[in-house]
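# Analysis of the macromolecular model
So the chains spell out like this:
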Amino acid sequence: MVFVIRRREIVCVAAAAPALAFASGRGASAQGKTGSSVYPVAVPTYEVQFVAMEKGFFKDEGYDFKLIQGGSGVKTREILASRQGDFAIADILHVLQLNKNGRPTRALNTIDQRAPGVRFAVRKDLFDQGIDTMQKLAAWKRPDGKRAIVGVSSLGGTSHLWSHYFMERLELADKVTWVGVGNVDTMLGTLKSKQIDVLSSAISVTTEAEKNGWGKVIYAPSDEKIWNSVIGGPVPVNANFCLLATIEKEPEKVQAFTNAIWRSVQWIRANNADTILATIERFVGSTSREANLLEIGELKDVADWNGLINAESWARGEKVWYGELTGLKPIKMEDAVADRFLKAAHAKYPA
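None of the values given here were measured: they were computed from a predicted structure.

The next thing to look at is the overall build of the chain. Helix and strand counts for the chain stand at 17 helices and 11 strands. In terms of overall size, the chain behaves like a compact globule, its C-alpha atoms giving a radius of gyration of 20 Å where 351 residues would be expected to give roughly 20 Å. Dimensions of the chain, computed from C-alpha atoms along their principal axes, come out at roughly 65 × 40 × 40 Å. Evaluated residue by residue, the chain yields a buried proportion of 58% over its 351 residues. Of the contacts formed within the chain by residues at least 6 apart in sequence, a portion of 80% connects residues at least 24 apart. Summed over its atoms, the accessible surface of the chain is roughly 14,400 Å², and 51% of this surface lies on carbon and sulfur atoms. For the chain, the distance from the average position of its 44 positive side-chain charges to the average position of its 39 negative side-chain charges is 3 Å.

In C-alpha cells:
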C-alpha cells in the first residue's frame, strides 16, 4: 500500500486565454499533453525540476507538467511505482530498488557526482558537552542507556545510504540507531526537540539547525576532500528516472522531459545562486534564504554538467549500492540507464 496523502503538488497551469499562450511563445503546443514528476523534499537539491517548471522548459517541449512532493526518497519511489507520477528525481539507488522489485526502471541522467546531502549535525547541547566527532557520539549513551539516534529523511533513502556507508568506513554504523524523520520541518523538529541526537541532511537543513542553535555540523562527507578520500571520485548520485514502460509507451514524453531537464541544467550552470533562488523560491520555503543559497552553491560544486553516466563512475557507486543495507544484487549498467534521450537533448541543445 502506498501512502501519499500528505504530499504537496505544485501544478503548472496553462494560460487560460489562447491569445496569452501564443503571446508568450509557450503553452500553445502543450494543450492536451500532460506529465508529472515527483521529488522527495523541499530543498534545492532537486532544483533542476523546479527550474524546468518555472522557466517554462516543460511547456516549450509541448507539455504541461505538475511536480509532486513525495515526502522522502522512498515515498517518491513508491509514487512512481504506482504510476501516480511519470518521472522522479532521487538517488539512483531507487532505480536499482525498483528494478529489484519488478518495476523495470531507467535513469535518464545524473545531476551530481557527489552526494550533496551528507552532513552530520549533532545536537548543540551535546556539542557543548564536548561531543564533536562521530566517534565520541557513537560512544555516548542516551539517558536511558540506549545508543545515540541518527536521523535521516527516510530509511533506505539517499541520505541513509550514503550516511550509513561513511559510518561503516568509520566502523560506527552499527553503534548508533538509524531512524527516518521525514521532510524538512520534521527533520528540524526532531533535532530541536531532542528526539534524535544527530541529523544527517543537506547543507540548507544543517545550516538552518546551526542558525537556530539546535545543532552543529561535526562531519561533512559531501565535502570533496572527504568524499574523494573514501569514494575515490565521481559517482552518479541523484538522477531523473522513469519506468521502462513509460519509455516504451511514451518515448515522446520521455524525450520532452529530458530536453527540459537538460535545458534546466544549462540554465543553472549559467546563473548565480541569487538568480537561481529567486526562480525556485516557492519550492524551498521551509529553509532560510541564507541556507538555500549555501546549498545552491554546493550543488554547483558537486554538479555533473554533462549528465551521462559512464562505466568508471558506475563502478565506484557499486561498492555503496550493493550490500546488506540495500539487499541489492549487482545489475548491468545498461539495465538501469537509458541515455539515448539525453544524447538527443545534447544534440538539440548544445552546451
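Still to come is the rest of the account.
Geometry of a packed helix pair, given as the angle between the helix axes and the separation of the axes. Interhelical geometry of helix α2 (residues 47–54) versus helix α14 (residues 273–280) gives an angle of 70 degrees and a closest axis separation of 9 Å. By the angle between their axes, α2 is roughly perpendicular relative to α14. Where α2 crosses over α14, the handedness of that crossing is left-handed. Along its contact with α2, which presents Glu47, Phe50, Val51 and Glu54, the element α14 presents Ile276, Thr279 and Ile280. Classifying every residue of the contact of α2 with α14 by side-chain character gives 4 nonpolar, 1 polar and 2 charged.

Two elements in contact, helix α10 (residues 203–211) and helix α15 (residues 289–302), have axes separated by 8 Å at closest approach and are oriented at 145 degrees. Once α10 is placed against α15, the crossing between them reads as right-handed. Every residue of α15 that contacts α10 at Ile203, Ser204, Thr207, Glu208 and Lys211 is listed here: Glu290, Ala291, Asn292, Leu294, Glu295 and Glu298.

With 4 bridges joining them, strand β7 (residues 149–152) and strand β8 (residues 177–180) adopt parallel strand pairing. From the neighbouring strand, Gly151 faces β8, where its bridge partner is Val179. In this fold, β7 hands off to helix α8 (residues 158–169), which returns the chain to β8; that crossover is right-handed.

The element helix α5 (residues 93–100) is extensively covered by neighbouring structure, given that 7 of its 8 residues are classed as buried. Of all the residues in α5, the buried ones are Leu93, His94, Val95, Leu96, Gln97, Leu98 and Asn99. Tucked inside the fold, the buried residues of α5 contact α4 (73–81), β4 (87–91), β5 (105–110), α8, β11 (238–243) and α16 (311–321). Gly102 lies just past α5 and shows a positive phi near 80 degrees.

A complete count under the given rule lists 19 salt bridges for this structure. Residues Arg123 and Asp125 are paired through a salt bridge, measuring 2.6 Å at the closest nitrogen-oxygen approach. Of the charged contacts, one joins Asp174 and Lys175 as a salt bridge, the two residues approaching to 3.9 Å between their closest N and O atoms. The class of Asp174 is exposed, set by a relative accessible area of 55%. Linked through salt bridges whose partners overlap, the residues forming this network are Arg123, Asp125, Arg142, Lys194 and Asp197.

A word on the packing of aromatic side chains. All chains considered together, the criterion is met by 14 aromatic pairs. Ring geometry for Phe87 and Phe257: centres 4.0 Å apart, planes at 0 degrees, overall stacked. With a gap of 170 residues between them, Phe87 in strand β4 and Phe257 in helix α13 (residues 251–270) connect regions that are remote in the sequence. Given a relative accessible area of 0%, Phe87 falls into the buried group.

Attention now moves to the side chain of Ser288. Mapped onto the secondary structure, Ser288 falls in the loop between α14 and α15. Classification of Ser288 as buried rests on a relative accessible area of 12%. There is a polar contact of 3.2 Å between the side chain of Ser288 and the backbone nitrogen of Ala291. When sequence neighbours within four positions are dropped, the list of residues in contact with Ser288 reads Glu208 and Lys211.

Of note, Arg83 is a non-glycine position whose phi angle comes to about 65 degrees, a positive value. A residue is classified by how much of its surface remains accessible, and Arg83, at 52% relative accessible area, is exposed. Backbone geometry at Glu171 places phi at a positive 60 degrees, although glycine is not the residue there. By secondary structure assignment, the location of Glu171 is in the loop between α8 and β8. On the basis of relative accessible area, Glu171 is assigned to the exposed category, the value being 63%.

Rules of the game
- Residues numbered from 1 in each chain as written.
- Predicted model: local features only at pLDDT ≥ 70, side-chain atom pairs only at ≥ 80, totals over all residues.
- Heavy atoms only, no water.
- Helix = DSSP H or I, 4+ residues; strand = E, 2+ residues; numbered from the N terminus.
- Rg over C-alpha atoms; globule rule 2.2 N^0.38 Å.
- Buried < 20%, exposed > 50% of the residue type's maximum accessible area, 1.4 Å probe, protein only.
- Contact = heavy atoms within 4.5 Å.
- Areas by Shrake-Rupley, 256 points an atom, 1.4 Å probe, with all protein chains shown as cover.
- Lys, Arg positive; Asp, Glu negative; His and termini not counted.
- Charge placed at Lys NZ, Arg CZ, Asp CG, Glu CD.
- Axes fitted to C-alpha atoms, helices over the stretch in contact; angles between N-to-C directions.
- Parallel < 35°, antiparallel > 145°, perpendicular 65-115°, else oblique.
- Left-handed = near helix turned anticlockwise from the far one by under 90°.
- Nonpolar A, V, L, I, M, F, W, Y, C, P; charged D, E, K, R; others polar.
- Pairing = 2+ DSSP bridges.
- Right-handed = clockwise from strand over helix to strand, strands pointing away.
- Salt bridge = Lys/Arg side-chain N within 4 Å of Asp/Glu carboxyl O.
- Phe/Tyr/Trp six-rings, centres within 6.5 Å; stacked < 30°, edge-to-face > 60°.
- Polar contact = N/O pair within 3.5 Å; in protein donor to acceptor, adjacent residues only side chain to side chain.

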